[in-house]
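A look at the structure
Here is what each chain is made of, one letter per residue.
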There are 4 protein chains.
Amino acid sequence: MKTPVIIVNSKAYKESTLSGDLKLANICKEVAEETGVNIIYAPQQVNLAYIAKSVNIPCFAQHVDAINPGSYTGHVSLLSIKEAGALGTLVNHSEKPMLIKDIDFIVSKAKEMDLETVVCTNNVSVTSSVAALEPTAIAVEPPELIGSGIPVSKAKPEIVEKSVEAVKKISDKVIVLCGAGISKGEDVKKAIELGTEGVLLASGVVKAKNPKEVLLDLASGIL
Amino acid sequence: MKTPVIIVNSKAYKESTLSGDLKLANICKEVAEETGVNIIYAPQQVNLAYIAKSVNIPCFAQHVDAINPGSYTGHVSLLSIKEAGALGTLVNHSEKPMLIKDIDFIVSKAKEMDLETVVCTNNVSVTSSVAALEPTAIAVEPPELIGSGIPVSKAKPEIVEKSVEAVKKISDKVIVLCGAGISKGEDVKKAIELGTEGVLLASGVVKAKNPKEVLLDLASGIL
Amino acid sequence: MKTPVIIVNSKAYKESTLSGDLKLANICKEVAEETGVNIIYAPQQVNLAYIAKSVNIPCFAQHVDAINPGSYTGHVSLLSIKEAGALGTLVNHSEKPMLIKDIDFIVSKAKEMDLETVVCTNNVSVTSSVAALEPTAIAVEPPELIGSGIPVSKAKPEIVEKSVEAVKKISDKVIVLCGAGISKGEDVKKAIELGTEGVLLASGVVKAKNPKEVLLDLASGIL
Amino acid sequence: MKTPVIIVNSKAYKESTLSGDLKLANICKEVAEETGVNIIYAPQQVNLAYIAKSVNIPCFAQHVDAINPGSYTGHVSLLSIKEAGALGTLVNHSEKPMLIKDIDFIVSKAKEMDLETVVCTNNVSVTSSVAALEPTAIAVEPPELIGSGIPVSKAKPEIVEKSVEAVKKISDKVIVLCGAGISKGEDVKKAIELGTEGVLLASGVVKAKNPKEVLLDLASGIL
């Protein structure tokens, strides 16, 4: 994963059903091209293949299930997202929390399949625990700040700093990101200063009146 | 829903990741056109928008979550599948069983949104229970026969018959289908004779050497 | 189940860990003896055998899992609650919602084992759906009123009335109770007038300064 | 936790409903007294208070939910098991797998409340991950060997050894146990030789014709 990185998660918002996801993915692509910042887009689950095949932007799934391909109606396998064109997946988002054994399964299988994993964590101790599994990246997101507009990098800098420290103690291969409440370039700048290599965000972009303006501002925090 | 109907569920098989789903959806389209039988295709979740926009065939989601659009990473809303081009969704498949309150939520919201629901049930009493919610259709599938190659319509005709009876007692608007082990035209014919208006199947088509041949045979059971 | 009935659910409140459960179960027993009203007590799960063996009061489990006895660490089987001395169990409480197939399993197994089931429902359509499974009783509890102190029988009488109607249409063997916000004799009186045969409540008794006074008042609504 | 230790999990077996749990807990007590080996008994959930108050043996819950005491019907809080007389709890058994954030919650709260936690893990990487949370103990149990009669300490000694190593690398405060397939003194002896400080077992004792004989043999592997 090229860092610094901005990951935009379109969640299940009404603003990001098919036409919204298409518009937002294209905006991410434009801003990535204009600024040189790596931007990853995680569209709604049912739009993944469509967006990944229509827009030249790195795509992630928002979630995968801990299964091998098979007789699993309604489940999403790592193989299905890879064939759909995704480069990786979010794992254990606080809105889709996972069993420890399933996080381990997915992180481990994804490595074998050359897929990237960004595992979300809610605090420093869970960050340490996930670091031992060595995913591609960990995104620290205190759940109480998600969607709040209060940036974790300013409201709880100590959680971000201690998470960076905790991860580096266990594995220096794991990238640390942060999320929750991020919506401005200065939030991103602060996140980078605290030792992270990027941010994960959703409503700040998806629900913005002018998502391109917001993304350009966010990217400016990196440059 | 135009009946008799054949619903093909591509599950999470390795044979039905993106290129497989595309090939199978096209075969369904051809057979529907050649025979006049209504065939619905339920692709893998991440392929839904792609298949629905690429192939002129009625598409279903394999599962939706009981949510309104919003801050739900990794979840699938009814709105997202509608915008992706689906006409409806499978609900409560035995491989993705659901809370009774969530089945109620989805069946009720889907009606408001002009989406169809096919709720799967595992026995006669659950069939009765679901009938009271008045989904578009109920698909009776004894779980022990799923993927077995032993057709429910032949192995357990009494479950199919009693389910038809149970549903009609509660609501004559609800369509009854059956599934599990169906792979041949004669299985479909028997299912129709028992009072159903179609079948739900997966491996019989998806894992077939010649899916078109199988679908033509299945359709012959209706004609 | 002898009706009218008052079911007291001690949930997982700090007031009802072992010594609290013991005190409350004894108060229920006293009030039942003094008033002749049938009172059932559902202690915390880990206290079930202890309370059922120590206090001469009909006891219920708050929840059981849809399993046969076996290799299921941390699960609760119908057999284990029967041997512990319970007469039955709550099922599908809004705080422990269940799969439709599991509700069916438990209601059906409980009948074979002479155990009673009180299945909670959140609205009229789910009430109809559960009625088709013919549990001993259904307790209608709009989740938004649970613990609110606003009695369902006064705030949403139409839900109670329509639930009674819906159940009677499907099976006249199923008892209808209501819950949520019940804390006074007049709430119980109103519930009975709306066609129910009793109430299910928790915080109104468990968190009361004087639980005996509250229970005597509740019983007076029946007498 | 005094080590070496033998933890007997009574699961949800028909052999360990109330009278069985009582008999087995008493046998554990006798063997502990006769041999001096620390034996912990984890009765069925609904029997916990009853057994802990009737038999002078250290008791564990088989599972607790990640909640604070409150309005949680059918849930088990750490406070409820403490008041019931338990010294601790099993966590994340493969038959009751848990979210990583819930394991973290329970391990952390239990420490504050002076309760012990034995977290089960299915492989070496999950063992490392859990070690970072610093529970009282970790019990490595490859799920495929549970109930098999094939002892992990003999069939997969490398998993046990590597788990001991992985834990010690992260924290030397965490006790390592192993489980799955253990039924004889020689299995325990081998487990201790591999660096563990005890075993977790269930069917080997609960389903034995002569549980006392089995426990005496198990204890002999330690002495």
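Cut-offs applied
Residues numbered from 1 in each chain as written. Chains lettered and ligands numbered in written order. Predicted model: local features only at pLDDT ≥ 70, side-chain atom pairs only at ≥ 80, totals over all residues. Helix = DSSP H or I, 4+ residues; strand = E, 2+ residues; numbered from the N terminus. Rg over C-alpha atoms; globule rule 2.2 N^0.38 Å. Buried ≥ 20, exposed ≤ 12 C-beta atoms within 10 Å, placed from the backbone. Contact = placed C-beta atoms within 7 Å. Pairing = 2+ DSSP bridges. Nonpolar A, V, L, I, M, F, W, Y, C, P; charged D, E, K, R; others polar. Axes fitted to C-alpha atoms, helices over the stretch in contact; angles between N-to-C directions. Least-squares fit on C-alpha atoms with pLDDT ≥ 70 in both. Core = buried A, V, L, I, M, F, W, Y, C linked by C-beta atoms within 7 Å. Parallel < 35°, antiparallel > 145°, perpendicular 65-115°, else oblique. Left-handed = near helix turned anticlockwise from the far one by under 90°. Right-handed = clockwise from strand over helix to strand, strands pointing away. Arc of directions from axis to C-beta. pLDDT = per-residue confidence, 0-100.

**So, the overall build of chain A**
Within chain A, the regular secondary structure consists of 10 helices and eight strands. Here the C-alpha radius of gyration of chain A, 16 Å, is about what a compact globule of 223 residues would show, namely 17 Å. Looking at chain A residue by residue over its 223 residues, the buried ones come to 65%. Taking the intrachain contacts of chain A between residues at least 6 apart in sequence as the baseline, contacts between residues at least 24 apart amount to 64%.

**Some details on the sheet that holds strand 8 (residues 198-201) of chain C**
Whenever strands of a sheet pair, they do so through backbone hydrogen bonds, lying parallel or antiparallel. All names here are of chain C. Taken together, the eight strands give an open sheet; going across it, the order is 2-1-8-7-6-5-4-3, and neighbouring strands pair in parallel fashion. Here the strands that pair on one side only, and so sit at the sheet edges, are strand 2 (38-42) and strand 3 (60-61). Sheet topology places strand 1 (residues 5-9) next to strand 8; four bridges connect them, and they run parallel. Paired with Ile 7 across the bridge in strand 8 is Leu 200.

**Some words on the interface of chain B and chain A**
With 40 residues of chain B at the interface, the matching set in chain A holds 40 residues. When contributions to the side of chain B that touches chain A are tallied by element, the ones reaching two or more residues are helix 1 (18-35), helix 2 (48-54) and helix 3 (78-84) of chain B. Of all the elements, helix 3 of chain B adds the most residues to the side of chain B that touches chain A, at five residues. When its residues are assigned to classes, the side of chain B that touches chain A shows 16 nonpolar, 18 polar and six charged.

**Quick look at the interface of chain D and chain C**
Counting from both sides, the interface comprises 40 residues of chain D and, opposite them, 40 residues of chain C. Within the residue set of the side of chain D that touches chain C, elements represented by two or more residues are helix 1 (18-35), helix 2 (48-54) and helix 3 (78-84) of chain D. Among the elements that take part in the side of chain D that touches chain C, helix 3 of chain D stands out by supplying five residues, more than any other.

**Comments concerning the sheet that holds strand 7 (residues 175-179) of chain B**
Residues and elements named next belong to chain B. Ordered in space as 2-1-8-7-6-5-4-3, the eight strands form an open sheet in which the pairing is parallel. Of all strands in the sheet, those with a lone pairing partner are strand 2 (38-42) and strand 3 (60-61), marking the two edges. Sheet contacts for helix 4 (residues 100-112): strand 4 (88-91) and strand 5 (116-121); angle to strand 5, the most-contacted strand, approximately 155°.

**What about the relation of the copies chain B and chain A?**
The operation relating chain B to chain A is a screw motion whose rotation component is 180°, with 0.0 Å of axial translation and a residual RMSD of 0.0 Å. Both copies are brought into coincidence by an operation consistent with a two-fold rotation axis. Interface overlap between copies: 100% of the residues of chain B at the interface are likewise at the interface in chain A, consistent with a symmetric, same-surface contact.

**Side note on the nonpolar core**
Formed by 352 residues in total, the largest nonpolar core has its most connected members in Cys28(A), Tyr41(A), Cys28(B), Tyr41(B), Cys28(C), Cys28(D) and Tyr41(D). Dropping the residues within four chain positions of it, Cys28(C) is found in contact with Val8(C), Ile39(C), Tyr41(C), Ile57(C) and Leu215(C).

**Observations concerning the packing of helix 5 (residues 124-131) of chain A against helix 7 (residues 157-170) of chain A**
All names here are of chain A. Orientation of helix 5 relative to helix 7, taken along the N-to-C sense of each, is 25°, at an axis distance of 9 Å. Taken together, the axes of helix 5 and helix 7 lie roughly parallel to each other. In this structure, the crossing between helix 5 and helix 7 has a hand that is right-handed. Judged by residue contacts, Val 124, Thr 127, Ser 128 and Ala 131 of helix 5 engage Ile 159, Lys 162, Ser 163, Ala 166, Val 167 and Ile 170 from helix 7. In the contact of helix 5 with helix 7, the residues fall into six nonpolar, three polar and one charged.

**What about the pairing of strand 4 (residues 88-91) of chain D?**
Residue and element names in this part refer to chain D. Pairing of strand 3 (residues 60-61) with strand 4 involves two bridges; the strand directions are parallel. Residue pairing across strands places Ala 61 opposite Thr 89, the latter belonging to strand 4. Handedness of the β-α-β unit built from strand 3, helix 3 and strand 4 comes out right-handed. Alignment of strand 4 against strand 5 (residues 116-121), held across four bridges, turns out to be parallel. Within strand 5, the residue paired with Val 91 across the bridge is Val 119. Since strand 4 and strand 5 lie parallel, the crossover through helix 4 (residues 100-112) that links them has a hand, and here it is right-handed.

**Comments concerning the arrangement of the chains**
Separated without contact, chain A and chain C have their nearest C-alpha atoms at a distance of 16 Å. The two units chain B and chain D remain apart, with a minimum C-alpha distance of 16 Å.

**Section: the relation of the copies chain D and chain C**
Rotating chain D by 180° and moving it 0.0 Å along the rotation axis overlays it on chain C with an RMSD of 0.0 Å. The fraction of interface residues of chain D whose copies in chain C are also interface residues reaches 100%, indicating that both copies meet through the same surface.

**Overview of helix 10 (residues 211-220) of chain C**
All names here are of chain C. Buried within helix 10 we find Pro 211, Val 214, Leu 215, Leu 218 and Ala 219. Seen along its axis, helix 10 keeps its buried residues to an arc of 135°; they face one direction. In this structure, the buried side of helix 10 is in contact with strand 1, helix 1 (18-35), helix 8 (185-193) and helix 9 (203-206).

**A few points about the environment of Ser108(B)**
On the secondary structure map, Ser108(B) appears in helix 4. For Ser108(B) and Glu134(B), which are 26 residues apart along the polypeptide, the C-alpha to C-alpha distance reads 8.6 Å.

**Observations regarding the confidence of the model for chain A**
In the predicted model, chain A carries a mean pLDDT of 95, and 100% of its residues have values of at least 70. Scored by ipTM, the complex comes to 0.95, with pTM at 0.96.

**Quick look at the pairing of strand 2 of chain C**
Residues and elements named next belong to chain C. Buried residues dominate strand 2, accounting for four of its five residues. In this sheet, strand 2 lies alongside strand 1 in parallel orientation, the contact comprising five bridges. Across the sheet, Ile 6 pairs through a bridge with Ile 39, a residue of strand 2. Taken together, strand 1, helix 1 and strand 2 constitute a β-α-β crossover, and its handedness is right-handed.

**With respect to the packing of helix 4 (residues 100-112) of chain A against helix 5 (residues 124-131) of chain D**
Packing of helix 4 of chain A against helix 5 of chain D leaves a shortest axis separation of 10 Å and a crossing angle of 125°. One element, helix 4 of chain A, and the other, helix 5 of chain D, form an angle in the oblique class. The handedness of the crossing between helix 4 of chain A and helix 5 of chain D comes out as right-handed. Within the contact between the two elements, helix 4 of chain A uses Ile100(A), Lys101(A), Asp104(A) and Ser108(A) and helix 5 of chain D uses Ser125(D), Val126(D) and Ser129(D). Here the contact of helix 4 of chain A with helix 5 of chain D is built from residues that sort into two nonpolar, three polar and two charged.

**Points about unusual backbone geometry**
For residues besides glycine, phi is generally negative; the peptide bonds are generally trans as well. Pro4(A) follows Thr3(A) through a cis peptide bond whose omega is -5°. Secondary-structure assignment places Pro4(A) in the segment before strand 1 (5-9). In this structure, Lys11(D) takes a positive phi of about 50° despite not being glycine. Its location among the elements puts Lys11(D) in the loop between strand 1 (5-9) and helix 1.

**A short note on the environment of Ser163(A)**
Its place among the elements puts Ser163(A) in helix 7. For the pair Ser163(A) and Ser125(A), spaced 38 residues apart in sequence, the C-alpha to C-alpha distance is 8.2 Å.

**Quick notes on the environment of Tyr50(B)**
Among the structural elements, Tyr50(B) can be located in helix 2. You can call Tyr50(B) buried: it has 28 C-beta atoms within 10 Å. Put simply, Tyr50(B) and Lys189(B) are 139 residues apart on the chain and 33 Å apart in space, counted from C-alpha to C-alpha. Setting aside chain neighbours within four positions, we find Tyr50(B) in contact with Ala49(A), Tyr50(A), Lys53(A) and Leu18(B).

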